[in-house]
Amino acid sequence: MYSGYSDSCFVLAFAYIDRLLQNNPGFILTKYNSHRIVLSAVVLAINYSEDNYFDNAVFARIGGISLPELNLLEIYTLLLLRHELYVDSELYFLYTQELQLQNMKKEV
């Protein structure tokens with residue numbers, strides 16, 4: 001990966017987005033909020049699972065948003081996730097399989 005972070009961060013981010021949508025049926029991903037949700041999920045996953053990570057100012061710059069907005073998104077996403085960042089190994093494996101399957105479909 002270009003980021004230097006492990007693939008597990010991106011699997012966790014996918015799991016967080018799925019969990020967020022399951023826990024909050026009224027929440028709808030749109031073209032206006034999807035990149036912010038992906039960014040905040042990736043930041044949470046990296047902060048949760050990696051020993052070395054950039055501070056939020058770097059991620060805000062990468063995501064094209066302000067640092068205060070990213071900090072608020074991180075808090076809001078944590079609240080929507082009910083502070084549940086742990087993903088058990090069985091569920092992690094299922095998300096990994098789904099991502100690999102989607103990747104294979106794209107290659108065909």
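As shown above, the structure is provided for reference.
Residues numbered from 1 in each chain as written. Predicted model: local features only at pLDDT ≥ 70, side-chain atom pairs only at ≥ 80, totals over all residues. Heavy atoms only, no water.

S.K.: Describe in detail the overall build of the protein, supporting the description with residues and values.
M.R.: Looking only at helices and strands, the protein features 5 helices and 0 strands. Going residue by residue from the N terminus, the α and β elements of the protein occur as α-α-α-α-α. The C-alpha atoms of the protein give 14 Å as radius of gyration, which agrees with the globular expectation for 108 residues (13 Å, within 12%). Seen along its three principal axes, the alpha-carbon backbone of the protein occupies a region of about 40 × 35 × 30 Å. A buried classification covers 36% of the 108 residues belonging to the protein. Long-range contacts, defined as pairs at least 24 residues apart, comprise 72% of the intrachain contacts of the protein with a sequence gap of at least 6. When the accessible area of the protein is evaluated, it comes to approximately 7,100 Å², of which 60% is carbon and sulfur surface. For the protein, the separation between the mean place of its 7 positive charges and that of its 12 negative charges on side chains is 11 Å. (Helix = DSSP H or I, 4+ residues; strand = E, 2+ residues; numbered from the N terminus. Rg over C-alpha atoms; globule rule 2.2 N^0.38 Å. Buried < 20%, exposed > 50% of the residue type's maximum accessible area, 1.4 Å probe, protein only. Contact = heavy atoms within 4.5 Å. Areas by Shrake-Rupley, 256 points an atom, 1.4 Å probe, with all protein chains shown as cover. Lys, Arg positive; Asp, Glu negative; His and termini not counted. Charge placed at Lys NZ, Arg CZ, Asp CG, Glu CD.)

S.K.: Could you give me a rundown of the nonpolar core, with the residues and numbers involved?
M.R.: Ranked by internal contacts, the top residues of the largest apolar core, which has 28 residues, are Tyr 16, Leu 39, Ile 46, Phe 59, Ile 65, Leu 70 and Leu 81. Those residues in contact with Leu 39 that lie beyond four places of it in its chain are Phe 59, Gly 63, Ile 65 and Leu 70. (Core = buried A, V, L, I, M, F, W, Y, C linked by side-chain atoms within 4.5 Å.)

S.K.: Let's hear about the packing of aromatic side chains: which residues, and what values?
M.R.: Applying the stated criterion across every chain, the model contains 4 aromatic pairs. Ring geometry for Tyr 5 versus Phe 59: centroids 6.4 Å apart, planes at 35°, classification tilted. Separated by 54 residues along the polypeptide, Tyr 5 in the segment before helix H1 (7-23) and Phe 59 in helix H3 (residues 56-63) bring together distant segments of the chain. Both residues of the pair, Tyr 5 and Phe 59, belong to the buried class. For the pair Phe 54 and Phe 59, a centre-to-centre distance of 6.1 Å together with 70° between the ring planes defines the contact as edge-to-face. Given the relative accessible area of 42%, Phe 54 is considered partly exposed. Given the relative accessible area of 6%, Phe 59 is considered buried. (Phe/Tyr/Trp six-rings, centres within 6.5 Å; stacked < 30°, edge-to-face > 60°.)

S.K.: Run through the side chain of Glu 74, naming residues and quoting values.
M.R.: Summarising the element assignment, Glu 74 is placed in helix H4 (residues 67-80). We note that Glu 74 is buried and unpaired, the nearest opposite charge coming from Arg 36 at a distance of 14 Å. Here Glu 74 is in contact with Ser 40, Val 43, Leu 44, Asn 47 and Asn 56, once residues within four sequence places are set aside. (Salt bridge = Lys/Arg side-chain N within 4 Å of Asp/Glu carboxyl O.)

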